[in-house]
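# Working through the structure, step by step
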Amino acid sequence: MSDNSHDAMPWVLTAVALTVKKNDLDPDSVTDRLGLRPSAVRMPGIDRWNPEGDPAGQWRLQCDERTTRVFSEQLGTILRVAEECADTLAILRAEGCEVTITVRGFADNDSRILLSADELARASRLKIPLAFIPNLNSR
């Protein structure tokens with residue numbers, strides 16, 4: 001008797017990022033206020049590489065496979081940073097900034113990504129949306 005069921009595979013090449021966006025965002029101001037060096041910034045306006053994309057300015061701190069390939073370590077790093085800067089992030093949100101923690105990675109139809117109860121509780125206490133963006137392209 002054959003069993004066609006199989007264990008779901010985890011997402012691969014994950015990356016977790018803390019992102020601050022706003023139409024008139026000054027990324028240098030966010031850097032100064034948070035006291036953190038970002039992984040990437042984008043000034044507001046039309047992106048020449050993606051003219052149809054979001055024109056908002058962006059400040060991003062990302063943890064990906066260059067830091068660690070272990071998803072829980074990536075998420076832990078970003079949660080720790082967000083917890084340390086929680087007051088400033090709350091002020092930025094009150095000033096109209098969109099602040100999110102984003103999880104990206106490659107996923108198949110049956111893929112899964114696991115978060116512990118502690119990780120979910122930490123993210124919830126921050127009051128920062130946690131977004132999951134799977135890349136479902138064939139690899």
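Look up: the structure comes first, before these words.
Residues numbered from 1 in each chain as written. Predicted model: local features only at pLDDT ≥ 70, side-chain atom pairs only at ≥ 80, totals over all residues. Heavy atoms only, no water.

Once that is clear, we can look at the environment of Cys63. For Cys63, the location among the structural elements is in strand 3 (residues 57-63). Accessibility expressed as a relative area gives 2% for Cys63, which makes it buried. On a C-alpha basis, the gap between Cys63 and Thr14 in space is 8.8 Å, while along the polypeptide they are 49 residues apart. (Helix = DSSP H or I, 4+ residues; strand = E, 2+ residues; numbered from the N terminus. Buried < 20%, exposed > 50% of the residue type's maximum accessible area, 1.4 Å probe, protein only.)

Soluble globular proteins tend to bury their nonpolar side chains together. Grouped together as the largest cluster of nonpolar side chains are 27 residues, with contacts concentrated most on Leu18, Val20, Trp59, Leu89, Ile101 and Ile128. When contributions to this core are tallied by element, the ones reaching two or more residues are strand 1 (12-22), helix 1 (27-34), strand 3, helix 2 (71-84), helix 3 (86-94), strand 4 (98-106) and helix 4 (117-126). A total of six residues in this core trace back to one element, the largest contributor, which is helix 2. In this structure Val20 touches Leu25, Val30, Gly57, Gln58, Trp59, Leu89, Leu92, Cys97, Glu98 and Val99, once residues within four positions along its chain are discounted. (Core = buried A, V, L, I, M, F, W, Y, C linked by side-chain atoms within 4.5 Å. Contact = heavy atoms within 4.5 Å.)

Taken as a whole, this structure holds four salt bridges when the rule is applied. Asp24 is the partner of Lys22 in a salt bridge, and the nearest nitrogen-oxygen pair spans 3.8 Å. For Lys22, a relative accessible area of 25% translates into the label partly exposed. The residue Arg66 makes a salt bridge to Asp64 at a minimum N-O spacing of 2.5 Å. (Salt bridge = Lys/Arg side-chain N within 4 Å of Asp/Glu carboxyl O.)

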